[in-house]
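# Analysis of the macromolecular model
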Amino acid sequence: MPSSSSISPLHRIERDAGRVRQIASVLVKYGFSDWLESVPFPELQGFLQRAGDSALQGPSREERIRLALTELGPTFIKIGQTLATRADLIGPELASELAKLQSNTPPDSPEDIIEIIEQQLGDQIDCFYAHFEKEAFASASIAQVHRAILHTGESVAVKVQHKGIQETIAADLSLLESVASLAEKHSESLRNYRPVQLVNEFRRSIERELDFTRERRNMETFEQNFELDETVHIPRTWEEFSSSKVLTMEFMQGVIGTRIGELRDAGLDLTEFTNRGADIFLKMIFRDSFYHADPHPGNLMYLPGGVVGILDFGMVGRVEDELRDDIESLVVAITQGDADSLTNTLWSLSPSQSSETREELKVDLSDLLADTKDAGDSLNISAVMTGVLDIFRKYQISPRRGLTGLLRTLVLLDGTARQLTSDFNLTNALIPYQDEAIRRRLSPRRLAKRFQRHILEWDRLLDDLPRDLSEFARKIKSGDFRVGLEHRHLDSVVNRLVLGIVASSTFLGSSLLWSLKAPPLIYDISLFGAAGYAVATFLAWELYRAIKKSQKDQP
């Protein structure tokens, strides 16, 4: 019997022909049969011919994709929710539509749920809960939630995975990997979406979300991060009554963020509540570098005393140092409405392209900033970030992993806040963090940390630089040194750019040698440092001559 990994994509599809027909029928229903036309599976092609053109008319393409994913079940709903964070691949319009995906899955029977709890916790359910409500009060694609009371008297919510959900998702993922592999090979329209990469990314995401032990640890981390803040409350968890499929946590009594009418009836100042909630999520990102990645109204709760409660910690993100630099640069450029700075920031994330493309990018960003101004000439930050995600796709900019998800979280945060109070301004909420980012970048501690992180690279540079500078000096002295500016199938602008980089790098390395007084020394001056300055000056002069010559050659 061949292993799953040794089975070809086509054979996997043939093995799961029943599920393939089910998926195909839904795609045909919503007008996406063209996605499957290139898949070389005769039975599938025969099904598509028999189905004919019976597509649903009326809803937009984005709405039909959301409806199709909803009908296909839990795995595809979770795929849609993951895709909602990748606007750089699927576009802001589709990402915004997929962010609406919700799953009100029918709950499993009480007998099945009790069986899972007892298997996971290793004893009769009465050993853990003095009272357990058999009817679930919420049920989504992966799990359902029951109220219970511990023997110590605490009221808790018990989150339990649906029976067989892991097996169902594993089978669907195996099939999707096969379809994605064939689609990327045979379908031009789907290849642009990088289906294999998306399925692999989804597998990592869903495996994390299926592990309730990870979610419990996330909650404990958030609780520690906000333990000194009495205005925010993270539900307590009980490790002894939890497992990878069962999560026992504090039951919070309050008003959920989707019930705006009840919030107003409670006499709540919605503006204050919204600003406080937004600040909590921004602190997660910019202060703690560990954030809740799904800040929709259903995950916010108003608790007695004006406290903000946070729910559902399955989707989280981490902000590493490099990602922090990227998001801070974008936030500063966007909040200041600076097209030049925003262009430079995005260009630093992009592959090498012509200077003409860079100018096109600057024009598009200037138009974006102009078109997203609200009344009163203030920027709609959420609209700018959505536009930036679209520009990622247009210019094939490859942002650092996690950046698009982080931008999507900020956009979703802004949308949630505006649902609660229409005059919410994300720019004002970001200003303190923008100022802090600038101070942090200029702090000696950060500079020292960066130097320590790159000390090995500098060490290699110091080892190689004397030899390289000596070789430079030898060639100059012998007259063998040449600077070639012929294009060699490259634009001349790129050649000058390369020469500028070499000149600046030589100057930087020479400065380091000079400041460190690297031996040999003459009158307390590093000989190689001085030689490097001479080489850098020569290269800069050659660059200047090349630029002046190109200007004269222009008609």
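The structure contained in this document is the topic of the report that follows. (Residues numbered from 1 in each chain as written. Predicted model: local features only at pLDDT ≥ 70, side-chain atom pairs only at ≥ 80, totals over all residues. Heavy atoms only, no water.)

## Concerning the overall build of the protein
In terms of regular secondary structure, the protein is built from 24 helices and 13 strands. A buried classification covers 44% of the 555 residues belonging to the protein. Summing over all exposed atoms, the protein offers an accessible surface of approximately 28,800 Å²; the carbon and sulfur share of this is 52%. (Helix = DSSP H or I, 4+ residues; strand = E, 2+ residues; numbered from the N terminus. Buried < 20%, exposed > 50% of the residue type's maximum accessible area, 1.4 Å probe, protein only. Areas by Shrake-Rupley, 256 points an atom, 1.4 Å probe, with all protein chains shown as cover.)

## Topic: helix H8 (residues 110-121)
For H8, spanning 12 residues, the distance from its first C-alpha to its last is 16 Å, which sits close to the expected 16 Å at 1.5 Å a residue. For H8, the complete set of buried residues consists of Pro110, Ile113, Ile114, Ile116, Ile117 and Leu121. Along H8, the residues classed as buried sweep out an arc of 160° about the axis, all on the same side. The exposed set on the far side of H8, more than 90 degrees from its buried face, consists of Glu111 and Gln119. (Expected span 1.5 Å × (residues − 1). Arc of directions from axis to C-beta.)

## Observations concerning the pattern of salt bridges
A complete count under the given rule lists 19 salt bridges for this structure. In this structure, lysine 163 and aspartate 112 form a salt bridge, with 3.5 Å as the shortest nitrogen-oxygen distance. Separated by 51 residues along the polypeptide, lysine 163 in the loop between strand S4 (155-161) and helix H9 (165-186) and aspartate 112 in helix H8 bring together distant segments of the chain. We classify lysine 163 as partly exposed; its relative accessible area is 47%. Note on aspartate 112: relative accessible area 24%, which makes it partly exposed. (Salt bridge = Lys/Arg side-chain N within 4 Å of Asp/Glu carboxyl O.)

## Here's the deal with the packing of aromatic side chains
Under the counting rule described, the total for this entry stands at 9 aromatic pairs. Ring centres of tyrosine 129 and phenylalanine 132 lie 5.8 Å apart, and the angle between their planes is 35°; this geometry places the pair in the tilted category. Here the two residues tyrosine 129 and phenylalanine 132 agree in accessibility, since each one is buried. Measuring from centroid to centroid gives 5.7 Å for phenylalanine 137 and phenylalanine 251, while their planes differ by 85°, and the two rings are edge-to-face. With phenylalanine 137 in the loop between strand S1 (129-132) and strand S2 (138-139) and phenylalanine 251 in the loop between strand S6 (246-250) and strand S7 (255-256), this pair connects stretches of sequence that are 114 residues apart. With a relative accessible area of 46%, phenylalanine 137 lands in the partly exposed category. Through a chain of ring-to-ring contacts, three or more aromatic side chains come together here, namely Phe128, Tyr129, Phe132 and Phe241. Stacked on the ring of phenylalanine 251, the Lys or Arg arginine 147 has its end atom at 4.0 Å from the ring centre. Sitting above the plane of the phenylalanine 226 ring, arginine 287 keeps its charged end 4.9 Å from the centroid. (Phe/Tyr/Trp six-rings, centres within 6.5 Å; stacked < 30°, edge-to-face > 60°. Lys NZ or Arg CZ within 6 Å of the ring centre and 35° of its normal.)

## What about the packing of helix H18 (residues 381-394) against helix H19 (residues 403-420)?
Where H18 meets H19, the closest approach of the two axes is 9 Å, and the angle between their N-to-C directions is 150°. Relative to H19, H18 is oriented roughly antiparallel. The interaxial crossing formed by H18 with H19 has left-handed handedness. Residue-level contacts link Ser382, Met385, Thr386, Val388, Leu389 and Phe392 of H18 to Leu403, Thr404, Leu407, Leu410, Val411 and Asp414 of H19. (Axes fitted to C-alpha atoms, helices over the stretch in contact; angles between N-to-C directions. Parallel < 35°, antiparallel > 145°, perpendicular 65-115°, else oblique. Left-handed = near helix turned anticlockwise from the far one by under 90°. Contact = heavy atoms within 4.5 Å.)

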